[in-house]
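# Survey of secondary and tertiary structure
One-letter residues, chain by chain:
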Amino acid sequence: GVAGEVEAGAGFSDIAEACLIALKPVVEVEFTRRHGPPPGRGAAVIGMGKLGSREMTASSDLDLIVIYDAAGETESDGPRPLTVQVYFARLTQMLVNALTAPTAEGSLYEVDMRLRPSGGQGPVASGLGGFLNYQAKDAWTWEHMALTRARPIVGDEGLVAELSDGIRDILQMPRDPAAVQ
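Remember, predicted model here, so these are calculated numbers, not experimental data.

Moving on, we come to the pairing of strand β2 (residues 62-69). Of all eight residues making up β2, eight are buried, and the element is well covered by its neighbours. Relative to β2, strand β1 (residues 42-48) runs antiparallel, the two sharing seven bridges. By the bridge assignment for β2, G47 is matched with L64. One ladder, built from two bridges, connects β2 with strand β3 (residues 111-112); its direction is parallel. Its bridge partner being in β3, D63 is matched across the sheet by D112. Crossover connection from β2 via helix α3 (residues 84-100) to parallel β3: handedness right-handed. Here three bridges tie β2 to strand β4 (residues 125-127), and the two strands are oriented parallel to one another. Pairing of I67 across the sheet is with S126, part of β4.

We now examine helix α6 (residues 157-171). Taking 1.5 Å as the rise per residue, α6 with 15 residues should run 21 Å; its terminal C-alpha atoms sit 21 Å apart, in good agreement. By the burial criterion, the buried members of α6 are L159, V160, L163, G166, I167 and I170. Projection of α6 onto a plane perpendicular to its axis shows the buried side chains occupying an angular sector of 130°, all on one side. Those residues of α6 that are buried are in contact with β1, β2, α4 (128-137), α5 (141-147) and β5 (151-154). Looking at where α6 begins, the residue whose side-chain oxygen comes 3.0 Å from the main-chain nitrogen of G158 is D156.

So, on to the nonpolar core. One finds L20, V45, L51, L62, L64, Y68 and F88 to be the most contacted residues of the largest nonpolar core, which totals 27 residues. Secondary structure elements with two or more residues in this core: α1 (5-35), β1, β2, α3 and β5. Aside from chain neighbours lying at most four places away, what touches Y68 is G42, A43, V84, Q85, F88, A125, S126, G127, L128 and L159. Core analysis: the next-biggest nonpolar cluster, separate from the first, contains 16 residues, A44, I65, I67 and L147 among them.

Turning our eyes to something else, we now look at the packing of α4 against α6. At a closest axis distance of 10 Å, the pairing of α4 and α6 adopts a crossing angle of 10°. Considering their axes alone, α4 and α6 lie roughly parallel with respect to each other. Contacts from L128, F131, L132, Q135 and A136 of α4 reach α6 at L159, E162, L163, G166, I167 and I170. A per-class count over the contact of α4 with α6 returns eight nonpolar, two polar and one charged.

Moving on, we get to the confidence of the model for the protein chain. Summarising the model, the protein chain shows a mean pLDDT of 93, and 98% of its residues fall at 70 or more. Ranking the helices and strands of the protein chain by mean pLDDT puts β1 first, with 98, and helix α7 (residues 177-180) last, with 78.

Turning to the packing of aromatic side chains, a few remarks are in order. Tallied over the entire structure, the rule returns three aromatic pairs. Each ring, one from F31 and one from Y87, has its centre 4.9 Å from the other, and the planes form 85°; the classification is edge-to-face. Residue F31 is located in helix α1, and its partner Y87 is located in helix α3; the two are separated by 56 residues in the primary sequence. Each of the two residues, F31 as well as Y87, counts as buried. Taking the centre distance of 5.1 Å and the plane angle of 70° together, the rings of Y87 and F88 count as edge-to-face. In textbook terms, an aromatic cluster arises when at least three aromatic residues are bridged by ring pairs, as seen for F31, Y68, Y87 and F88.

Cut-off values and rules
Residues numbered from 1 in each chain as written. Predicted model: local features only at pLDDT ≥ 70, side-chain atom pairs only at ≥ 80, totals over all residues. Heavy atoms only, no water. Buried < 20%, exposed > 50% of the residue type's maximum accessible area, 1.4 Å probe, protein only. Helix = DSSP H or I, 4+ residues; strand = E, 2+ residues; numbered from the N terminus. Pairing = 2+ DSSP bridges. Right-handed = clockwise from strand over helix to strand, strands pointing away. Expected span 1.5 Å × (residues − 1). Arc of directions from axis to C-beta. Contact = heavy atoms within 4.5 Å. Polar contact = N/O pair within 3.5 Å; in protein donor to acceptor, adjacent residues only side chain to side chain. Core = buried A, V, L, I, M, F, W, Y, C linked by side-chain atoms within 4.5 Å. Axes fitted to C-alpha atoms, helices over the stretch in contact; angles between N-to-C directions. Parallel < 35°, antiparallel > 145°, perpendicular 65-115°, else oblique. Nonpolar A, V, L, I, M, F, W, Y, C, P; charged D, E, K, R; others polar. pLDDT = per-residue confidence, 0-100. Phe/Tyr/Trp six-rings, centres within 6.5 Å; stacked < 30°, edge-to-face > 60°.

This is the structure:
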């Protein structure tokens, strides 16, 4: 009874956001030692669902999508270089592992990445152009409905701004009423 539903949802969401903002650079530093710095503008994390809409509860999981912009680079520059797709997939998995690692008090969060393009069948990290193209041309109506709760949380400022603008543009596209019925 200390806080109402809206206030508590915002508070739980703020905590999750702070965790993502704190963990992502730590994970990247460790990953960079092995494989070099993130190619291009790196990756941004989009909060979806209750995180994106700031309506989390004590038992909410984190619905996340990771989008990267390699800015034309094809692989990382480090002791053990990786192709861009492999680099960001492994970096994403390392971030998910950090968020879900079991501790004496339990896991920090459960993470759900099924809202990414192609759901559980697609790569865990998507390129910026591929993500925006998929959303504009191939996404189902329910995927656009889920996108109404999308909120970029952490990443390169320019990439986050471009994602925010792209998501807004996709949500404002004209719809075919017959396809929505």
